[in-house]
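# Residue-level structure breakdown
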Amino acid sequence: MRTSIDPGARPGLSSRAMHRLEIPADLGKPEIYAELLASLRALVEDEPDLIANLANITAVLKQGLADVSWVGFYRQIGPDLVLGPFQGKLACTRIAAGKGVCGAAAARRVTLVVPDVDAFPGHIACDAGSRSEIVVPMIRAGVVVAVLDLDSERYARFDAVDAAHLEQVAALVAGLSW
């Protein structure tokens, strides 16, 4: 994958360069994540707006990761997780504290990899087609500010490699202006 300036961008429309994702087909999962992280760092580097950054991060992850049906953020607002920018089908808008995979990850403050969502006690089926899920909490100054949630229609899509690299994405996001 390469992040590049779009030569077709029209002058005067934006002071920021357009980015394009190009993913070589022969990369392994760790190499894909290395490219994604480099792209994400470049995207957020000069952009101060949190929502714009979260939206672009979801787009990069959705486009860059195979077999991912949904990518999004749930922001911690009071006791609940509230839907933020996402890519995919319609989503649950609000998740109560400790409920579902997202609420459990936030409450436990750990990444949860769920190979079969139907086997997870209390799973919230926002998308009936979802078969596996990974949720990574974002912690800033000791407080969970959000979770990053990825779903797949494939069983056991996510593993320890995904967890380690998505935790790096979460650290990048936690460092943004909240």
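Criteria and thresholds
Residues numbered from 1 in each chain as written. Predicted model: local features only at pLDDT ≥ 70, side-chain atom pairs only at ≥ 80, totals over all residues. Heavy atoms only, no water. Disulfide = S-S within 2.5 Å. Helix = DSSP H or I, 4+ residues; strand = E, 2+ residues; numbered from the N terminus. Buried < 20%, exposed > 50% of the residue type's maximum accessible area, 1.4 Å probe, protein only. Pairing = 2+ DSSP bridges. Core = buried A, V, L, I, M, F, W, Y, C linked by side-chain atoms within 4.5 Å.

## Re the state of the cysteines
Tallied over the entire structure, the rule returns one disulfide. One disulfide in the model links Cys92 with Cys126; its S-S distance is 1.8 Å. Between Cys92 and Cys126, the disulfide has an S-S torsion of -120° and is therefore left-handed. Of this pair, Cys92 sits in the loop between β4 (80-87) and β5 (94-95) while Cys126 is found in the loop between β6 (112-114) and β7 (132-140), placing the two residues 34 residues apart along the sequence. For Cys126, a relative accessible area of 31% puts it in the partly exposed group. Not part of a disulfide, Cys102 finds its nearest cysteine sulfur in Cys126, a span of 7.5 Å.

## Focus: the pairing of β7
Buried residues dominate β7, accounting for seven of its nine residues. Of the pairings in the sheet, the one linking β7 to strand β8 (residues 143-152) comprises nine bridges and is antiparallel in character. Among the inter-strand pairings, Ile134 is bridged to a residue of β8, identified as Leu150. Where β7 folds back on β8, the antiparallel hairpin that results is connected by two residues, among which Ala141 adopts a positive phi of roughly 50°.

## Some remarks on the nonpolar core
In terms of nonpolar packing, the biggest core is built from 33 residues, with Ile57, Leu61, Met138, Leu148, Leu150, Leu166 and Val169 touching the most fellow members. Broken down by secondary-structure element, the contributors of at least two residues to this core are α1 (29-44), α2 (50-64), β3 (70-77), β7, β8 and α4 (160-174). Formed by 17 residues, the second largest nonpolar core is a distinct cluster that contains Tyr74, Leu81, Ile95 and Val101.

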